[in-house]
Amino acid sequence: MWNEPYLETCCRAALHRLCLAGDAGRPTGMKDDPCLTRLAGKGLAQQNAQGRFFITDEGTARHASDVLKQEKLHTKKP
């Protein structure tokens, strides 16, 4: 069942750029600020005191499923 909010193409691209930025994060003042703010509101990104955006663990998982098209790994119970 689908229970994750839909991400527009621009937001998926911003999520990918955020992932590529790694520990440096993404600065404010870029064209994708509205998307980064939207991602932060969904818990997929966070903004530090200096204004830089960083991907969260939830954002990394969403990047894997939406951008990289990787299936979630399910653990088998014995």
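**Focus: the overall build of the protein chain**
Item 1. Scanning the protein chain from N- to C-terminus turns up three helices and two strands.
Item 2. When burial is assessed residue by residue, the protein chain has 29% of its 78 residues classed as buried.
Item 3. Put simply, 53% of the contacts in the protein chain that link residues at least 6 apart link residues at least 24 apart.
Item 4. By element, 55% of the accessible surface of the protein chain is carried by carbon and sulfur atoms, the whole surface being about 5700 Å².

**Let's talk about the nonpolar core**
Item 1. Residues Leu-7, Cys-11, Ala-14, Leu-15, Leu-18, Cys-35, Leu-36, Leu-39, Leu-44, Ala-45 and Phe-53 constitute the largest nonpolar core, which totals 11 residues.
Item 2. Looking at this core, the elements with two or more residues in it are helix 1 (9-21) and helix 2 (33-41).
Item 3. Among the elements that make up this core, the one with the highest residue count is helix 1 (four residues).
Item 4. When neighbours within four sequence positions are excluded, Ala-45 is seen to be in contact with Leu-18, Leu-36, Leu-39, Ala-40, Phe-54, Ile-55 and Thr-56.

**Looking at the environment of Thr-9**
Item 1. Take Thr-9: it is sitting in helix 1.
Item 2. On the basis of relative accessible area, Thr-9 is assigned to the exposed category, the value being 52%.
Item 3. Placed 26 residues apart in sequence, Thr-9 and Cys-35 show a C-alpha to C-alpha distance of 9.9 Å.

**Description of the side chain of Arg-26**
Item 1. Topologically, Arg-26 is positioned in the loop between helix 1 and helix 2.
Item 2. Among the polar contacts made by the side chain of Arg-26, one reaches the side chain of Asp-32 at a distance of 2.9 Å.
Item 3. Apart from the residues lying within four places of it in its own chain, the contact partners of Arg-26 are Arg-17, Leu-18, Ala-21, Asp-32, Leu-36, Gly-51, Arg-52 and Phe-53.

**Considerations on the packing of helix 1 against helix 3 (residues 57-66)**
Item 1. At a minimum axis separation of 10 Å, helix 1 and helix 3 run at an interaxial angle of 120 degrees. By the criterion of interaxial angle, the relationship of helix 1 to helix 3 is oblique. Crossing angle aside, the handedness with which helix 1 passes helix 3 is left-handed. Along its contact with helix 1, which presents Arg-12, Leu-15, His-16 and Cys-19, the element helix 3 presents Gly-59, Arg-62, His-63 and Asp-66.

**Re the pattern of salt bridges**
Item 1. Under the defined criterion, the tally for this structure stands at three salt bridges.
Item 2. Close ionic contact of Asp-32 with Arg-17 constitutes a salt bridge, the shortest N to O distance being 3.1 Å. Here Arg-17 lies in helix 1 and Asp-32 lies in the loop between helix 1 and helix 2, a separation of 15 residues in the sequence.
Item 3. Judged by its relative accessible area of 5%, Asp-32 falls in the buried class.
Item 4. One salt bridge connects Arg-62 with Asp-66, and the closest N-O pair in it is separated by 2.8 Å. You can see Arg-62 and its partner Asp-66 sitting in helix 3, four residues apart, about one turn around the helix. Asp-66 matches Arg-62 in its accessibility class, with the two residues each being buried.
Item 5. Where salt bridges share partners, they join Arg-17, Arg-26 and Asp-32 into one cluster.

The rules behind the values
- Residues numbered from 1 in each chain as written.
- Predicted model: local features only at pLDDT ≥ 70, side-chain atom pairs only at ≥ 80, totals over all residues.
- Heavy atoms only, no water.
- Helix = DSSP H or I, 4+ residues; strand = E, 2+ residues; numbered from the N terminus.
- Buried < 20%, exposed > 50% of the residue type's maximum accessible area, 1.4 Å probe, protein only.
- Contact = heavy atoms within 4.5 Å.
- Areas by Shrake-Rupley, 256 points an atom, 1.4 Å probe, with all protein chains shown as cover.
- Core = buried A, V, L, I, M, F, W, Y, C linked by side-chain atoms within 4.5 Å.
- Polar contact = N/O pair within 3.5 Å; in protein donor to acceptor, adjacent residues only side chain to side chain.
- Axes fitted to C-alpha atoms, helices over the stretch in contact; angles between N-to-C directions.
- Parallel < 35°, antiparallel > 145°, perpendicular 65-115°, else oblique.
- Left-handed = near helix turned anticlockwise from the far one by under 90°.
- Salt bridge = Lys/Arg side-chain N within 4 Å of Asp/Glu carboxyl O.

Just distances and angles here, no functional claims.
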